[in-house]
Amino acid sequence: MQFQNFDIDGFLRDYWQKKPLLIRNPWVEWVNPIEGDELAWLACEEEVEARLITRKRDRWAVEHGPLAEARLQRTGKNPWTLLVQAVDQHVPEVAALIAPFRFIPDWRIDDVMVSFAVDGGGVGPHFDQYDVFLLQGAGRRRWRLGGACDASTPLASNEDVRLLTHFEATQDWVLEPGDILYVPPRVAHDGIAIGDGCMTYSIGFRAPSRGDLIEGWSASLVEQASADDRYVDPDLQRQDNAGEISRAALDRLHAMVTEALQDREGFARWFGAYNSAPKYPDMDWTPEEPVDLEDVRDALDAGAILCRNPASRFSFYRQDEKSVALFVDGECFDCSGEIAALAERLCAQAQCCAHPDDLASHAAMTLIVALINQGSLALEEEA
Ligand code: SIN
Ligand code: CO
């Protein structure tokens, strides 16, 4: 699916991370990719994260999945909404919704949550820490937007829903199928289904917190640190008061920490692996028996294509002109020379063909085999 008449540069300049934008049906042809009963079926699966939120006047009740089929058949008279996380990892047609949003880099994309609501259903006024495109799939939803929130904004005590105690709408829109509302982080919003069969796709982004980055990167430094790498002071001078920690000692201690943290190359490798770690490792494509390089070469030679597991995260960064570091599902692969181009092709698209050069290269075939054996890639016979 594709957009028409959508000014990406103007959006990035004026709206992204700045202010909300309502985009009236920008699709060449909008087709809703999943039905309500298919979503309900997913919500009953063990490995799928789902919630059923019911509203009784001003009280919200949350039930966490996996939900029982019988529960979804008896939803009662009160307005309800079913929310299913990471549907893109289960339904390729939903994964395809991300493609037109790839003017934002893949590493920033989190997942596609899908909600299905009856008349009056919604999750209540709240704010999220992340950017989101709220795409109306079917039916209609009224979205009201409020002001910017932060950590001090009062929230209702019900831990499960984290609703705003005070919400005043400054913008009010009704979205029809194909319409998209962009909401920047921490902007208050409230979406209420108008009529039954309201389906909304939340294309959600991720932005690591400084705390998470410091915690993760320093934990990785600690893991690599040697017990011998320790404070030394062969130039120790006598001091007037033995009780003082001298400025020189503190400078040296502080430098031990900051020098380690400043390792830019090490940080890039850690971050790539950290960011590509699978969120839902249950989507396992690992073959029962490890595949063999010659068999993979034969299949590719016969026209099979390489398909990425929709739950897998692929990204790379350029180390120098000839080499890239490829990150797939938490693993780092150094790809130089002939396989750098293959790594970039794997990151560019969800499916790709092997080139004759790849088939002739042992390094390229070894990379493909490793990715198949870790469940990140699979071979698909050409239709
Ligand atoms: C919904 O789809 O009902 C909720 C999405 C959101 O507000 O983030
Ligand atoms: Co939200």
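Residues numbered from 1 in each chain as written. Chains lettered and ligands numbered in written order. Predicted model: local features only at pLDDT ≥ 70, side-chain atom pairs only at ≥ 80, totals over all residues. Heavy atoms only, no water.

K.L.:
Looking at this model, I keep getting lost on the domain arrangement of the protein. Mind explaining?
P.N.:
Accessible area lost upon the coming together of the parts serves often as the stated size of an interface. What the domain assignment lists for the protein is domain 1 (8-205), domain 2 (209-228 + 247-262) and domain 3 (293-380). Computed from C-alpha coordinates alone, the two centres of domain 1 and domain 2 are separated by 40 Å. (Domains from an automatic or database assignment.)

K.L.:
How should the packing of helix α5 (residues 210-224) against helix α7 (residues 264-276) be read in this particular structure?
P.N.:
Each pair of packed helices gets described by two things: the angle between the helix axes and the distance between those axes. Put simply, α5 and α7 touch, their axes get as near as 10 Å, and they point 110 degrees apart. The angle between α5 and α7 falls in the class roughly perpendicular. Considering only the axes of α5 and α7, their crossing is right-handed. Residues Asp212, Leu213, Gly216, Trp217 and Ser220 of α5 form the contact with α7, whose participating residues are Gly266, Phe267, Trp270, Phe271 and Tyr274. Tallied by class, the residues present in the contact of α5 with α7 amount to 6 nonpolar, 3 polar and 1 charged. (Axes fitted to C-alpha atoms, helices over the stretch in contact; angles between N-to-C directions. Helix = DSSP H or I, 4+ residues; strand = E, 2+ residues; numbered from the N terminus. Parallel < 35°, antiparallel > 145°, perpendicular 65-115°, else oblique. Left-handed = near helix turned anticlockwise from the far one by under 90°. Contact = heavy atoms within 4.5 Å. Nonpolar A, V, L, I, M, F, W, Y, C, P; charged D, E, K, R; others polar.)

K.L.:
Help me understand the coordination of the cobalt ion (ligand 2) in this model?
P.N.:
Angles at a metal have ideal values that depend on geometry: 109.5 degrees with four tetrahedral donors, 90 or 180 degrees with six octahedral donors. All of the protein donors around the cobalt ion (ligand 2) are His126 (NE2), Asp128 (OD) and His189 (NE2); their distances to the metal are 2.1 Å. For the cobalt ion (ligand 2), the single-chain donor residues occur in sequence as H-x1-D-x60-H. Classification of His126 by relative accessible area gives buried; the value is 11%. Taking the relative accessible area as the measure of exposure, Asp128 reaches 29% and is therefore partly exposed. (Donors = N, O, S within 2.8 Å, 3.2 Å for Na, K, Ca; no water. Buried < 20%, exposed > 50% of the residue type's maximum accessible area, 1.4 Å probe, protein only.)

K.L.:
Explanation requested: unusual backbone geometry in the structure shown.
P.N.:
Negative phi values dominate among residues other than glycine, just as trans dominates among peptide bonds. In this structure, the amide linkage connecting Gly65 to the following residue, Pro66, adopts the cis form with an omega of 0 degrees. If you trace the backbone, Pro66 turns up in the loop between β3 (59-64) and α3 (69-73). Phi at Arg186 is positive, roughly 65 degrees, even though this residue is not glycine. Relative accessible area serves as the criterion here: at 33%, Arg186 is assigned to the partly exposed category. Phi angles above zero are rare outside glycine, and Asp329 is one such case at about 50 degrees. Using a relative accessible area of 15% as the deciding quantity, one classes Asp329 as buried.

K.L.:
Hey, could you run me through the pattern of salt bridges in this one?
P.N.:
Opposite charge on two side chains lets them pair, provided their charged atoms get close. Tallied over the entire structure, the rule returns 16 salt bridges. Bridged by salt links that share partners, the residues Asp110, Asp111, Lys279 and Arg313 form one connected network. (Salt bridge = Lys/Arg side-chain N within 4 Å of Asp/Glu carboxyl O.)

K.L.:
When you look at the site of ligand 1 in this model, what are you seeing that I'm missing?
P.N.:
Taken together, Met113, Ser115, His126, Asp128, Leu134, Arg141, Trp143, His189, Thr200 and Ser202 make up the full set of residues adjacent to ligand 1. In this structure, Ser115 approaches ligand 1 through a side-chain N or O atom, which is 2.8 Å from an oxygen atom. Take His126: an N or O atom from its side chain is 3.0 Å from an oxygen atom of ligand 1. When the free accessible area of ligand 1 is taken as 260 Å², the share hidden by the protein chains comes to 95%. Residue assignment for the shell around ligand 1 shows that the elements contributing at least two residues are β5 (109-117), β6 (132-148) and β9 (187-205). Residue composition of the shell around ligand 1, by class: 3 nonpolar, 5 polar and 2 charged. (Near = heavy atom within 4 Å. Polar contact = N/O pair within 3.5 Å; in protein donor to acceptor, adjacent residues only side chain to side chain. Areas by Shrake-Rupley, 256 points an atom, 1.4 Å probe, with all protein chains shown as cover.)

K.L.:
Would you mind showing me how to read a nonpolar patch on the surface here?
P.N.:
A cluster of nonpolar residues, Tyr231, Ile245, Leu250, Leu253, Met256, Val257 and Leu261, forms a patch on the protein surface that exposes about 580 Å² of accessible area. Within the secondary structure layout, Val257 lies in helix α6 (residues 247-261). The exposure class assigned to Val257 is partly exposed, which follows from its relative accessible area of 47%. (Patch = residues over 30% accessible without salt bridge, like charges linked within 9 Å, V, L, I, M, F, W, Y side chains within 5 Å.)

K.L.:
Help me out: how do you make sense of the sheet that holds strand β13 (residues 331-336) in this one?
P.N.:
Two orientations exist for strands paired in a sheet by backbone hydrogen bonds: parallel and antiparallel. Pairing is antiparallel across the open sheet formed by 3 strands, whose spatial order is β11-β12-β13. Two strands lie at the open edges of the sheet, namely β11 (314-320) and β13, each paired on one side alone. On average, adjacent strands in this sheet sit at an angle of 25 degrees to one another, irrespective of strand direction. Across 6 bridges, the pairing between strand β12 (residues 323-328) and β13 is antiparallel. Within β13, the residue paired with Ala325 across the bridge is Asp334. Against the sheet, helix α9 (residues 338-348) contacts β11, β12 and β13, and its axis sits at roughly 130 degrees relative to β13. Each of β11, β12 and β13 is contacted by helix α11 (residues 362-373), which is oriented at about 165 degrees to β13, the strand it contacts most. (Pairing = 2+ DSSP bridges.)

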